[in-house]
Amino acid sequence: GWSKFEAATSGSEAEDEQDILGTGVRPRSTNRSHSAATTSGFLLVGHRTKGGKRPSCESDAALTALGLGGLASPRSSVHTATPRSSFQVPDSPSHSVPRVGVVITSSRQSQRRSSSASAAAAFAVATAGSSNPRDIPKTPPLGRFSVGGEGRRSSFRERPRQESIICTAATMRVLNVLRHWVSKHSQDFDCDPRLRNMTIEFLEDMVCCATLLPAEHKAASQLLRLLTKEEPPNPQVELATLLAPSSTPSKESIETLSALEVAEQMTYVDHQIFVAIRSEEFLKTAWMKPDKQIKAPNILLITRRFNEVSRLVASEVIRGATLASRTAVIEKWVAVADICRCLHNFNGVLQVCAAFQNSSVFRLKKTWEKVSKTTRQTLEKLQALVSSDGRFRSLRDALHRCDPPCIPYLGIYLTDLSFIEEGTPNFTDEGLLNFSKMRM
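Residues numbered from 1 in each chain as written. Predicted model: local features only at pLDDT ≥ 70, side-chain atom pairs only at ≥ 80, totals over all residues. Heavy atoms only, no water.

**Side note on the environment of Gln187**
- By secondary structure assignment, the location of Gln187 is in helix H6 (residues 187-191).
- We classify Gln187 as partly exposed; its relative accessible area is 25%.
- Taking the C-alpha atoms as reference, Gln187 lies 8.1 Å from Arg278; in sequence the two are 91 residues apart.
- Once residues lying within four places of it in the same chain are set aside, the contact partners of Gln187 are Arg278 and Ser279. (Helix = DSSP H or I, 4+ residues; strand = E, 2+ residues; numbered from the N terminus. Buried < 20%, exposed > 50% of the residue type's maximum accessible area, 1.4 Å probe, protein only. Contact = heavy atoms within 4.5 Å.)

Shown next as structure tokens:
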């Protein structure tokens, strides 16, 4: 009976797709029933019985349903059963035991849907013995694969996908923080070469990483270009030298200089002091602490500069011996303040307006009566612009509307920071960091 059956099936053996895989592969016993090989749609993995026979198909299906189909012993046999699979006779010379990691398939493409799934499962298990662990695909237990391919859409692929999404989100957050840091606080990298070099090395590693998404690669490349971009040398101005009095007397004076030249020079000096202020000087009201000369030197410098210019304007007005000379000085300084407004130097506008509010200048009633109507109207507009009503509402609106660069009046922000620091605790009642205060 067996010889007749072999003759009937031997003609199709060369055409069938046979997947012999795994370690410890042994030829199937000849006393296995043909119905058991054709009714099971799973990868049959199991132990041999005492008599050397495989368990029945019903036992395999039960093991698979219990999730035990993938537990194979070193003596277990693995076979992908297809309806066209032929029996292998142990004594036949054509059927030799394959080596570990070898996949034997036929060259004829199968017409059944189950063949591709069986070949994929065979290749996955066979390559598990590869020497390169990075190429090992993550596969579920063998008992969970179905020949129709439905098992491949199981939940085992969701975890790598979720990890990839989380990794991408974390990478973009890191790049966004670096982008804000580089664009808003570039002086940190200019003043600290070690920080700059470490950031460049980190971005270069990200650019060379092959697993980055295109958006991540683009963001890292842009940040790297920003940090490595060679800017034209900008000579640093020594503020001490700039503010020091000239060693040789000059022929020019405020009376001989035009209002435009005075306004431009005031704007230049204020700008040099303003850009020298570091962001750390605004932390924890450092300008009011005992060590303010160390923690906030530039804030103190621009404050002292404001007071000096205001006293200078008041002194120039009072120094006039005649009514006409005092009137001319007032009109000239009003023109200086208006030009500073056009130059977006709101700090200079407030310097001049504060001088006119000085009691020694404000009480010159006869002098103010001689000031022209146009000058008084201009002064009223400037005073309305820098008025402290509504926490400098008009000045804040002007700062929001103007195009940079501009020089704001720093006292607005110092007052706001003082209220925030003194009126809001650093920690919540639960002992956590008060992020609401940090975002103010």
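Read on for the rest.
**What to know about the packing of aromatic side chains**
- Scanning all chains against the criterion turns up 4 aromatic pairs.
- Aromatic pair Trp181 and Phe189: ring centres 5.0 Å apart, planes at 55°, arrangement tilted.
- With a centroid separation of 5.8 Å and 50° between ring planes, the pair formed by Phe392 and Tyr409 is classed as tilted. Here the residue Phe392 occupies a position in the loop between helix H17 (373-385) and helix H18 (393-401), and Tyr409 occupies one in the loop between H18 and helix H19 (410-423), the gap between them amounting to 17 residues.
- Look at Phe392 and you get buried, because its relative accessible area is 18%.
- Here a set of aromatic residues connected by ring pairs shows up, and it is made of Phe306, Phe392 and Tyr409. (Phe/Tyr/Trp six-rings, centres within 6.5 Å; stacked < 30°, edge-to-face > 60°.)

**Quick word on H18**
- Among the residues of H18, those classed as buried are Leu395, Ala398 and Leu399. One side of H18 carries all its buried residues, which in axial view fall inside an arc of 100°. Counted as exposed and oriented over 90 degrees from the buried face of H18: His400 and Arg401.
- At its buried positions, H18 is contacted by helix H14 (346-356), H17 and H19. (Arc of directions from axis to C-beta.)

**So, the nonpolar core**
- In this structure, Trp333, Val336 and Phe356 are the most contacted members of the largest nonpolar core, which totals 37 residues.
- Mapped onto this core, the elements with two or more residues apiece are helix H10 (259-275), helix H12 (297-319), helix H13 (323-342), H14, H17 and H18.
- Not counting chain neighbours up to four residues away, the residues in contact with Val336 comprise Ala259, Val262, Ala263 and Met266. (Core = buried A, V, L, I, M, F, W, Y, C linked by side-chain atoms within 4.5 Å.)

**What about the packing of H13 against H17?**
- Interhelical geometry of H13 versus H17 gives an angle of 45° and a closest axis separation of 10 Å. Looking at the two axes, H13 sits oblique to H17. The way H13 lies across H17 gives a crossing that is left-handed. In this structure, H13 uses Glu331, Val334, Ala337, Asp338 and Arg341 to contact H17, whose residues at the interface are Thr375, Thr378, Leu379, Leu382 and Leu385. (Axes fitted to C-alpha atoms, helices over the stretch in contact; angles between N-to-C directions. Parallel < 35°, antiparallel > 145°, perpendicular 65-115°, else oblique. Left-handed = near helix turned anticlockwise from the far one by under 90°.)

**Some points on unusual backbone geometry**
- Omega for the peptide link from Pro404 to Pro405 comes to 5°, which places this bond in the cis form.
- By the secondary structure assignment, Pro405 is in the loop between H18 and H19.
- With a phi angle near 55°, Arg391 is a residue other than glycine that sits in the positive phi range.
- Examined against the element boundaries, Arg391 turns out to sit in the loop between H17 and H18.

**As for the confidence of the model for the chain**
- Averaged over all residues, the pLDDT of the chain equals 74, while 62% of them reach at least 70.
- Scored below 50 in pLDDT, residues 4-117 makes 156 contacts in the model with residues more than four places away or belonging to other chains.
- In this model residues 122-156 is a low-confidence stretch, pLDDT under 50, and it forms 48 contacts with partners more than four residues away in sequence or in other chains. (pLDDT = per-residue confidence, 0-100.)

**Side note on the side chain of Thr267**
- Within the secondary structure, Thr267 sits in helix H10.
- On the basis of relative accessibility, which here comes to 13%, the residue Thr267 falls in the buried class.
- Once you skip the residues sitting within four places of it in the chain, Thr267 turns out to touch Cys340, Leu343, Asn345 and Ile407.

**Quick notes on the packing of H14 against H17**
- Running from N to C, H14 and H17 cross one another at 115°; their axes reach a closest spacing of 10 Å. When the axes of H14 and H17 are compared, the pair comes out roughly perpendicular. As for the relative orientation of H14 and H17, their crossing is left-handed in sense. Of the residues in H17, those touching H14 at Phe346, Val349, Cys353 and Phe356 are Leu379, Leu382, Gln383 and Leu385.
- When grouped by side-chain class, the residues that make up the contact of H14 with H17 number 7 nonpolar, 1 polar and no charged. (Nonpolar A, V, L, I, M, F, W, Y, C, P; charged D, E, K, R; others polar.)

**Digging into a nonpolar patch on the surface**
- Taken together, the side chains of Phe427, Leu433, Phe435 and Met438 make up a nonpolar region of the molecular surface, amounting to roughly 420 Å² of accessible area.
- Judged by its relative accessible area of 51%, Phe427 is exposed. (Patch = residues over 30% accessible without salt bridge, like charges linked within 9 Å, V, L, I, M, F, W, Y side chains within 5 Å. Areas by Shrake-Rupley, 256 points an atom, 1.4 Å probe, with all protein chains shown as cover. Salt bridge = Lys/Arg side-chain N within 4 Å of Asp/Glu carboxyl O.)

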